[in-house]
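Take a look at the letters that make up each chain.
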Amino acid sequence: MKITSSTASPAATPAPRLQYRLRHSGPLLALLLLIGFNALITPNFMSMQTLSVNITQVATIAIVAMGMTLVIATGGIDLSVGAVMALAGAIVPLIFLSSAGQDFPLIMTLVAIIAALGVATLCGLFNGMLVSRFGVQPIVATLILFISGRGLAQVLTNGNLQTFDNPMFEYLGSGRLLGVPIQGWLVILIAAIAVFVVSRTRFGRYLLASGGNPRAAELAGVPVARVRMIAYTLCALLAGLAGMISVAINSASDAARNGQLMELDAIAAAVVGGALLQGGRAPFIGVIIGAAIIQLVRYTLLANGVPDEVALIVKAAIIVGAVYLQSLRGGH
Amino acid sequence: MTTLVRRHIADHGQSTGVMIGVLLLILLGTLRYDNFASLYNLSSFLNYNAMFVLITMGMCLVIMTGGIDLSVGTVAALSSVTAAGFSAHGLEVALPVGVLTGLAAGALNAFMIVIMRIPPFIATLATLLAAKGTALVISDARTVPVDWTSNFTQLGMNNVAGWLPWSMLLTVVVGIALWLLVEHWPLGRVMLAAGDNEDTANLMGLSSGWARAWAYVICGGCAGLAGVFLASGFGAGQPLEGLGWELTAIASVVVGGTLLTGGRGSIPASVAGALMLGLIFNLLNFENGLGTFNLSAYWQMVIRGAFLFIVILLQVKITRPLAGD
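Because the structure is predicted, anything quoted here is derived from the model rather than measured.

(A) Here's a closer look at the overall build of chain A. A tally of helices and strands in chain A yields 15 helices and 4 strands. Computed over the C-alpha atoms, the radius of gyration of chain A is 20 Å, within 12% of the 20 Å expected from 2.2 N^0.38 for a compact globule of 332 residues. By its C-alpha atoms, chain A is 65 × 55 × 35 Å across when sized along the principal axes. Out of the 332 residues belonging to chain A, those deemed buried represent 53%. For chain A, the proportion of contacts with a sequence separation of at least 24, taken over those separated by at least 6, is 77%. A total of about 14,500 Å² of accessible surface is found on chain A, and carbon and sulfur atoms cover 66% of it.

Take a look at the structure:
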């Protein structure tokens, strides 16, 4: 059996290849247009300050969207990412603000991070188990944690805002390396690993095959259930990481707000970036561009005095436009 | 024979189970709490849950056709704002304005899904964002006060015969119409056929596209009416409400035993599902009142999720063996 990666579709003649390139560089062109538009219109756009604000803002969306892309590649969807963010984000300060955390700051901060990522992983295993072992539809399966995950985070924190002062943890939010926010580097690192795994490893081929045609994949010996399990687990793990980053940025954890509507942003970024909801594709670079487009549209509108509410309507139009263009391409 | 029995259980077992569950919960409440079986609790329960029953019924239609509507909550919030804005002109103007707002949102969903062929999940997600944005823009992100001198507040605050809220009475009327639609009208049959197998439905000459479009329009109308109740009952249009309602509605439909795969669906069972979720909260509030424990609203979210989990596992247990025949 030969599984061809759909991102490297074979083109017989040069003309279709060019056409193919043009069709698939839509998101990049859109991003460049947005940057160009801002450079001309928005005051102080071409500054390091603006760049790093946007990188900080886009990093959490991009990280969650990459996890979502894994799940979407298997033909699924994960509604629980925002709730997982809230849960992971609530656990970290809870642990290092405890009395043990005050006594052993270094160790307990590490313990807190590991605990938060561990809980996020458990959430992913829960979703994955429901979807792959029990055959529950992804929307319904992830709906459970969508409802109760944020509730659990609020139970843990009594619904209170937890503020803290922990320079080591805050580095995750406001640290810089070579002048670029640390989250920016994290996005690049995760994207590099993700692209490598999907294009060069057996798991990557299994992932795309499981979404493209699960029945055929199953018959060909792909362990579809295990692949799905791993996809949901990684998605939740990345959501947990994003939850911690957003808590670190604010030096405060608010279980009610952390990650709210993130599932929508992540799905939107994935779809704008070229992921197909039917599964079978995992265009990580495109998804990061999609996240950047969504962030930049919001920034453009805000910087030019358009209220945030209008940005929601524009975001809706972008999502519909992107999916409509996808359907015109006939699904590929 | 056993297959037949199993199929019967799969088709009707859970809905019967949920209705029995609702009765058991009512019995439990009556025996345990002094004021549970009071007219006051009954009418406030019915009044508060009218909104959720409405959007659940709309959601049931959409799910029957194999779709999903994520926009119902924010559409209800949007129509609560438009209805409140027109409340000074009286109920006879504000009510149609709110319902029309919902119908328009539903028509937008139908256009995107049936004509533009956008997946329902994405199309209704876009409408969710757009409705929220529009509600915030026209209300200036503040609650919109209702004119107290008009008859608009009667709908959400007054009862018929001392206990039946007008909102629930209207919901029952809508519910009977939708039940007739599903069980007896051709359009309802086509909706089911479209959800079961669209290609076959089309080959048989049924216009499944129209049927699916109607499902979204009706669902939007239900959300619009729920928004009118929201504004009327709380005395203000609430632009920030509604987020999460779509999931309550989906959960209610699932609890009622309708599978999300389409082709099946029961209005009474969905209503029972919505009432069951509502009752659990009502009982939790009474339990809190007794002081045996003090569960915050946050615990209620966790319990709601756990409850959904149990129902889903039961559904899987009942329907799984059928996959093999």
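(B) Region of the structure containing helix α3 (residues 72–85) of chain B. Taking 1.5 Å as the rise per residue, α3(B) with 14 residues should run 20 Å; its terminal C-alpha atoms sit 20 Å apart, in good agreement. Buried residues dominate α3(B), accounting for 13 of its 14 residues.

(C) Seen up close, the confidence of the model for chain B. Confidence in the prediction for chain B averages 85 pLDDT; 92% of positions are at 70 or higher. Listed scores for the predicted complex are pTM 0.83 and ipTM 0.79.

(D) Highlighting a positive patch on the surface. A contiguous patch of positive charge, built from R133(A), R202(A), R205(A) and R226(A), is present on the exposed surface. Position of R205(A) among the secondary structure elements: in helix α10 (residues 202–212).

(E) Expanded view of the UniProt feature "transmembrane region" (unreviewed entry) in chain B. Taking the numbering used here, the UniProt-annotated feature "transmembrane region" (unreviewed entry) corresponds to residues 12–33, 45–63, 94–114, 163–182, 213–236, 242–260, 267–285 and 297–316 of chain B. What you have in residues 45–63 of chain B is 100% helix and 0% strand, and the ends, taken at the C-alpha atoms, are 26 Å apart.

(F) Fine view of the interface of chain B and chain A. Contact with chain B, which involves 36 residues of that partner, is made by 40 residues of chain A. Taking both sides of the interface into account, the surface hidden between chain B and chain A amounts to around 3,500 Å²; carbon and sulfur atoms contribute 87%. At the junction of chain B with chain A, the criterion picks out 0 salt bridges. Taken together, the elements giving at least two residues each to the side of chain B that touches chain A come down to α5 (120–139), α11 (245–255) and α13 (297–319) of chain B. Considering every element that reaches the side of chain B that touches chain A, the biggest residue donor is α5(B), with 12 residues. When the residues that make up the side of chain B that touches chain A are grouped by side-chain class, the tally is 28 nonpolar, 4 polar and 4 charged.

(G) Representation of the confidence of the model for chain A. With 92% of its residues at a pLDDT of 70 or more, chain A has an overall mean of 84. Per-element mean pLDDT across chain A ranges from 58 in helix α1 (residues 14–24) of chain A up to 92 in helix α12 (residues 224–250) of chain A.

(H) Geometry of unusual backbone geometry. Residues and elements named next belong to chain B. The phi torsion at R117 lies on the positive side, around 60°, for a residue other than glycine. Within the secondary structure layout, R117 lies in the loop between α4 (91–115) and α5. Residue class for R117 comes out exposed when judged on its relative accessible area of 59%. Phi is positive for D140, close to 60°, though the residue is something other than glycine. Position of D140 among the secondary structure elements: in the loop between α5 and β1 (144–145).

(I) View of the packing of helix α2 (residues 39–64) of chain B against α11(B). Residues and elements named next belong to chain B. Orientation of α2 relative to α11, taken along the N-to-C sense of each, is 70°, at an axis distance of 8 Å. By the criterion of interaxial angle, the relationship of α2 to α11 is roughly perpendicular. Helix-helix and strand crossings are classified by hand; for α2 and α11 the assignment is right-handed. Here M51, F52, I55, T56, M59, C60 and I63 of α2 come into contact with α11, specifically with W245, E246, T248, A249, I250, S252 and V253.

(J) Structural context of the packing of helix α9 (residues 182–200) of chain A against helix α14 (residues 284–303) of chain A. Packing of α9(A) against α14(A) leaves a shortest axis separation of 9 Å and a crossing angle of 150°. Residues V187(A), A191(A), A194(A), V195(A) and V198(A) of α9(A) form the contact with α14(A), whose participating residues are F284(A), I285(A) and I288(A).

(K) Summary view of the nonpolar core. Core analysis: the largest hydrophobic core is formed by 192 residues, its most contacted members being F169(A), I267(A), L61(B), F121(B), I122(B), I250(B) and L308(B). Judged by nonpolar contacts, the second largest core, of 12 residues, contains F45(A), L296(A), V297(A) and A322(A).

(L) Geometry of the environment of L27(B). Along the chain, L27(B) falls in helix α1 (residues 2–32). As for L27(B) and S79(B), which are separated by 52 residues in sequence, their C-alpha atoms are 36 Å apart.

(M) Representation of the side chain of S270(B) within the structure. Inspection of the secondary structure assignment puts S270(B) in helix α12 (residues 267–290). Judged by relative accessible area, S270(B) falls into the buried class, the value being 0%.

The rules we used
- Residues numbered from 1 in each chain as written.
- Chains lettered and ligands numbered in written order.
- Predicted model: local features only at pLDDT ≥ 70, side-chain atom pairs only at ≥ 80, totals over all residues.
- Heavy atoms only, no water.
- Helix = DSSP H or I, 4+ residues; strand = E, 2+ residues; numbered from the N terminus.
- Rg over C-alpha atoms; globule rule 2.2 N^0.38 Å.
- Buried < 20%, exposed > 50% of the residue type's maximum accessible area, 1.4 Å probe, protein only.
- Contact = heavy atoms within 4.5 Å.
- Areas by Shrake-Rupley, 256 points an atom, 1.4 Å probe, with all protein chains shown as cover.
- Expected span 1.5 Å × (residues − 1).
- pLDDT = per-residue confidence, 0-100.
- Patch = residues over 30% accessible without salt bridge, like charges linked within 9 Å, V, L, I, M, F, W, Y side chains within 5 Å.
- Salt bridge = Lys/Arg side-chain N within 4 Å of Asp/Glu carboxyl O.
- Lys, Arg positive; Asp, Glu negative; His and termini not counted.
- Charge placed at Lys NZ, Arg CZ, Asp CG, Glu CD.
- UniProt positions renumbered as here; feature names shortened; annotations may be inferred.
- Buried area = accessible area lost by both parts, 1.4 Å probe.
- Nonpolar A, V, L, I, M, F, W, Y, C, P; charged D, E, K, R; others polar.
- Axes fitted to C-alpha atoms, helices over the stretch in contact; angles between N-to-C directions.
- Parallel < 35°, antiparallel > 145°, perpendicular 65-115°, else oblique.
- Left-handed = near helix turned anticlockwise from the far one by under 90°.
- Core = buried A, V, L, I, M, F, W, Y, C linked by side-chain atoms within 4.5 Å.

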